[in-house]
Each structure stands twice: as structure tokens, then as C-alpha cells.
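Next come the chains, spelled out residue by residue.
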Amino acid sequence: MQKILMKTTRKAGFPTLVNCRILRIPLILVLLIMLKINILTLGQHPQGIQNASVTVIMTTYTYPVAMSTDGSYVSGAYFGGAVNYFWSQATGVIQVSGTVYGVSDAGVTTGTFSNPNLLYNGSNVESAGLWDPGTSQWNFLGVNPGSPSPFSTDYNSGWDITADGSTVVGLQFYPGYNYSAFKWTQTGGYVDIGSGVGSGSRASGISSDGSVIFGWAQLPTASRTPVIWYNGQIIYINATQQGEAFGASTSGNYVTGSIGNLGFLWSPQSTVTFSNTLNTGSINPSTVTNNGAVFGYTDTSWPPSPTARRAFARDTNGVLMTFNDYAEARGLENAQQWTFYSINDVSADGQKFLGAGKNPAGQNITFIMEFPVLAPVISANPQSIDFGTHPAGT
């Protein structure tokens, strides 16, 4: 693990909002005061040099899949490889046999593994499980009563986990290769949440707090369309358009993904779509903050190529920009000299970003980038006070 500090500077001068000139007040009340003062209102205070830090997970371009809410743990995948990985500040990179996706705040990762305890015709069956970083072992979620025995070497797959590790979502296969989204809890086991959702569905993710589940459904009008499970409802963004939901805010108040050739941002109050105005490629929103800022990547290649990806940010005002511009505005030195491939996840506080790119030295890295918090303050800067004389009574 390497940690690089990127220094940024801010101008030391404060904006002058109020310049008080000579105030003449009767002497019976107070002496004459010549007061000139600058006041900085509640806002972001430049505390001299700020630092944006880059934690290098590895010096390889990989696809980091997910991050715990505080950025302590990461799950990821290599392009074209069967082996995935887990990372923490304490352990560094650990190779994981199997496919890893979501990761809890305790570092427990959900995914799919070759299960030696569940066999079909003598072969291990691919099963949903929890990978424990303490033991480096997979633990099977258990047999789903709705599908009591395997009928092939594919049984089910785990795709995401809540921050507290209590809930897993994924896809369950049934005889005839039918499939449906499931939710699994430590206390209640499996629940088929995909029943009645098209001819098939997958729960690809769940918000950290467990309040919203998202994924895709197979419909007669679209082979794969975004679907959201929220507050007992099944919500389609547009049942006639192809796409997928890719990420939710930690509090579950936003879900983002793609619909047709557009990105979308869903909330319980509204859904907005947005196009790629940065280049001619596709737009792939990956993650969203609790205040509705969206991050992901565009891709101008066909067939899609990882090296053609470029990370983007869409701010809370709906302005789409390159992640270079976003990082520069947040205080990253030499931000325009980076090539940001993708931003895949963001911490609950919106300060840490999980992604991959090429740094100014030309080195491909998988990283966590943390921006400084500029705390709001009130500051007064008196320039001069002059006590003079003034005739009494006026």
C-alpha cells in the first residue's frame, strides 16, 4: 500500500463582504471609532495548504467493485481473470478464489464461489456465499427452500450486502434455468423478491442501510431493464427501455444507472435522465452520494474496451463534467494530468472515491482518492481602529 499526498494551495486573501467606513456617534454614547473590518461569512475557510490523498491499492488497472462505507475495505476484480481480490489498509491485497461484489463495514464480502459442499453429478456448484477476511474462507448462505437441490453446476449468486452484514441480495436459479432476484437475511433466510417481476430478475445491489434494492428485470418489451424494490413497491424506470440500475446512495434516497442511451437518477420523489455531453460514447453511472451527485464512466469504444473509459461526475445541479474537472475543483494538484478510467464507489461522507486511472507519472493504478474537508467557519479580520476626537453634542 502506498499513500501519496497531493498538495493544493488556496489564496490566503478573504472575500470582503463588508467595509465599514468612519462611524460618527455622539460622544455621550461612545468615542469616535474609525473601524474598517473584513468579515468572512459562514463558508469554506482556506486553511493554507490542503492535501488530497491517493491511496494506491495496487499498481494495476483493475475494476474495483465496492467499498465499505468508510473506505476501510474494498472488493475488486481483474479484467479477464477468474481470481478476484479483497483489500484493506491492514491486510493489503488478498487474492480471492471466486467472484466478490459488495463488502460490509466489517470487511465481510458477498459473492459467488465454487462450493465443495454442494455437488451436482460430482462437481462443485457455484453458490452465493460470504467471504470472511479473518479466515479467508467462503461460507455458503444455505439451501434455498424454493430450490431445494441443485439441477446444474449453477445454483445461486450473491451480489451485494448491507453495511451491517445482515442482508444479502442476488439471483437464484430454478429448474429449467429460470431465475429470480432474492433477498437473504441472517434471521429469516431467503425471500424471493423477483416473483412477478418479468420472466426473470436479478437484485444487483442494496443500499448500505437496506432501505432500497435495485437491479434488472427481463420483460417482453426489454431484455434487461432497471428495476427498484422500495417501500413494498416494484418500480420500473421505463419498462420499454433496456438498461440496468448500478448504484444506490448509502441512505437509499437515490438510485442511479442507465436507461436506453441515457443515465438516470431516481429518488422517491422523481426520476431524471441525463445524456453524455462529454463525448460520443455511452454513459455508465456507477454510484451516487446521499446528496444526489452521480459518478461513473463513459466509453467511446465498440466493442467496449476498459482503456477507453473516462470517469465523469454529475453534480447536484445536474452539471456533467469530467472527473478531472471535479477533482481539480476539490483541490487535487495536477488533476488535468491524470487519466481517470472510472469511479466505482464513494464513501458515505462523500470524501473518498474508489476508482482506477493513470497518474501523472504514467502509471496505471487502482486507488482510493480522499479529498479534504473544508470546514465552515466565521472569521473577522480588523484592519484598523482609530480613536479620535469629536465635538460633544453632535
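The structure contained in this document is the topic of the report that follows. What you see is a predicted model; the values in this text were computed from it and never measured. (Residues numbered from 1 in each chain as written. Predicted model: local features only at pLDDT ≥ 70, side-chain atom pairs only at ≥ 80, totals over all residues. Heavy atoms only, no water.)

**Thoughts on helix 1 (residues 323–330)**
Buried within helix 1 are the following residues: Phe-323, Asn-324, Tyr-326, Ala-327 and Arg-330. One face of helix 1 carries all of its buried residues, which in axial projection span an arc of 165°. Backbone geometry just after helix 1 places Gly-331 at a positive phi near 105°. (Buried < 20%, exposed > 50% of the residue type's maximum accessible area, 1.4 Å probe, protein only. Helix = DSSP H or I, 4+ residues; strand = E, 2+ residues; numbered from the N terminus. Arc of directions from axis to C-beta.)

**Brief notes about the environment of Ala-245**
With respect to the helices and strands, the residue Ala-245 is situated in strand 21 (residues 243–248). Along the sequence, Ala-245 and Ser-204 sit 41 residues apart, while their C-alpha atoms lie 7.8 Å from each other. Leaving out residues up to four positions away in the same chain, Ala-245 has contacts with Ser-204, Phe-214, Gly-215, Pro-226, Val-227, Val-255, Thr-256, Gly-257 and Phe-264. (Contact = heavy atoms within 4.5 Å.)

**Focus: the sheet that holds strand 6 (residues 73–77)**
Sheet strands pair by backbone hydrogen bonding; their relative direction is either parallel or antiparallel. Here 4 strands make up an open sheet; going across it, the order is 5-6-7-8 and the pairing antiparallel. Among the strands making up the open sheet, the edge pair consists of strand 5 (63–67) and strand 8 (92–97). The sheet shows a mean angle of 25° between the axes of neighbouring strands, taken without regard to direction. Across 4 bridges, strand 5 lies against strand 6 in antiparallel orientation. (Pairing = 2+ DSSP bridges. Axes fitted to C-alpha atoms, helices over the stretch in contact; angles between N-to-C directions.)

**A short note on the pairing of strand 12 (residues 137–140)**
With 4 bridges joining them, strand 11 (residues 123–132) and strand 12 adopt antiparallel strand pairing. Across the sheet, residue Leu-130 finds its bridge partner in strand 12, namely Asn-139. With antiparallel pairing between neighbouring strands as the criterion, strand 11 and strand 12 make up a hairpin whose turn holds 4 residues, including Ser-136 at a positive phi of roughly 60°.

**Side note on the nonpolar core**
Counting residues in hydrophobic clusters, the biggest one holds 22 residues, and the most contacted among them are Phe-323, Leu-332, Phe-340, Met-369 and Phe-371. Counting only elements with at least two residues in this core, the list comes to strand 4 (49–58), strand 27 (309–314), helix 1, strand 29 (339–346) and strand 31 (364–370). With near-sequence residues (within four places) excluded, Phe-340 lies in contact with Arg-309, Arg-310, Ala-311, Phe-323, Asn-324, Ala-327, Leu-332, Ala-335, Ala-356, Gly-357, Phe-367 and Met-369. Within the second largest apolar cluster, 11 residues are counted, among which are Ile-228, Ile-235, Ile-237 and Val-255. (Core = buried A, V, L, I, M, F, W, Y, C linked by side-chain atoms within 4.5 Å.)

**Considerations on the environment of Gln-186**
Inspection of the secondary structure assignment puts Gln-186 in the loop between strand 15 (178–185) and strand 16 (189–192). Taking C-alpha positions, Gln-186 is 8.8 Å from Leu-141, a pair spaced 45 residues apart along the chain. Residues in contact with Gln-186, not counting those within four places in the same chain, are Gly-165 and Ser-166. Separated by 3.2 Å, the side chain of Gln-186 and the backbone oxygen of Gly-165 make a polar contact. (Polar contact = N/O pair within 3.5 Å; in protein donor to acceptor, adjacent residues only side chain to side chain.)

**A closer look at the environment of Thr-300**
Here Thr-300 is to be found in the loop between strand 26 (294–299) and strand 27. Ignoring any residue separated from it by four or fewer positions in sequence, one finds Thr-300 in contact with Asn-279, Gly-281 and Ala-308.

**Brief notes about the sheet that holds strand 17 (residues 200–206)**
Taken in spatial order, the 4 strands make up an open sheet running 17-18-19-20, and their pairing is antiparallel. The strands lining the two open edges of the sheet, one partner per strand, are strand 17 and strand 20 (233–236). Each adjacent strand pair in this sheet contributes to an overall mean axis angle of 30°, direction not counted. The sheet contact formed by strand 18 (residues 212–219) and strand 19 (residues 222–230) spans 7 bridges and is antiparallel. In the sheet register, Gly-215 faces strand 19, and the bridge partner there is Val-227.

**With respect to a negative patch on the surface**
On the surface, Asp-70, Asp-105, Asp-164 and Asp-349 cluster together to form a negatively charged patch. Mapped onto the elements of the fold, Asp-164 is located in the loop between strand 13 (156–161) and strand 14 (167–174). (Patch = residues over 30% accessible without salt bridge, like charges linked within 9 Å, V, L, I, M, F, W, Y side chains within 5 Å. Areas by Shrake-Rupley, 256 points an atom, 1.4 Å probe, with all protein chains shown as cover. Salt bridge = Lys/Arg side-chain N within 4 Å of Asp/Glu carboxyl O. Lys, Arg positive; Asp, Glu negative; His and termini not counted. Charge placed at Lys NZ, Arg CZ, Asp CG, Glu CD.)

**Some details on unusual backbone geometry**
Across the junction of Trp-302 and Pro-303, the peptide omega takes the value -5°, indicating a cis bond. Take Pro-303: it is sitting in the loop between strand 26 and strand 27. Of note in this structure, Ser-136 is not a glycine but carries a positive phi near 60°. As for its placement among the helices and strands, Ser-136 is situated in the loop between strand 11 and strand 12.

**Structural notes on the packing of aromatic side chains**
Two aromatic rings, taken as a pair, are described by how far apart their centres are and by the angle between their planes. Under the defined criterion, the tally for this structure stands at 27 aromatic pairs. Ring centres of Phe-151 and Tyr-177 lie 5.6 Å apart, and the angle between their planes is 85°; this geometry places the pair in the edge-to-face category. With a gap of 26 residues between them, Phe-151 in the loop between strand 12 and strand 13 and Tyr-177 in the loop between strand 14 and strand 15 connect regions that are remote in the sequence. Tyr-177 sits in the partly exposed class, given a relative accessible area of 42%. Counting every residue linked through ring pairs, the aromatic cluster contains Phe-295, Phe-323, Tyr-326, Trp-338, Phe-340, Phe-353, Phe-367 and Phe-371. In this structure, Arg-202 is placed above the aromatic ring of Trp-159, and the distance from its NZ or CZ to the ring centre is 3.6 Å. (Phe/Tyr/Trp six-rings, centres within 6.5 Å; stacked < 30°, edge-to-face > 60°. Lys NZ or Arg CZ within 6 Å of the ring centre and 35° of its normal.)

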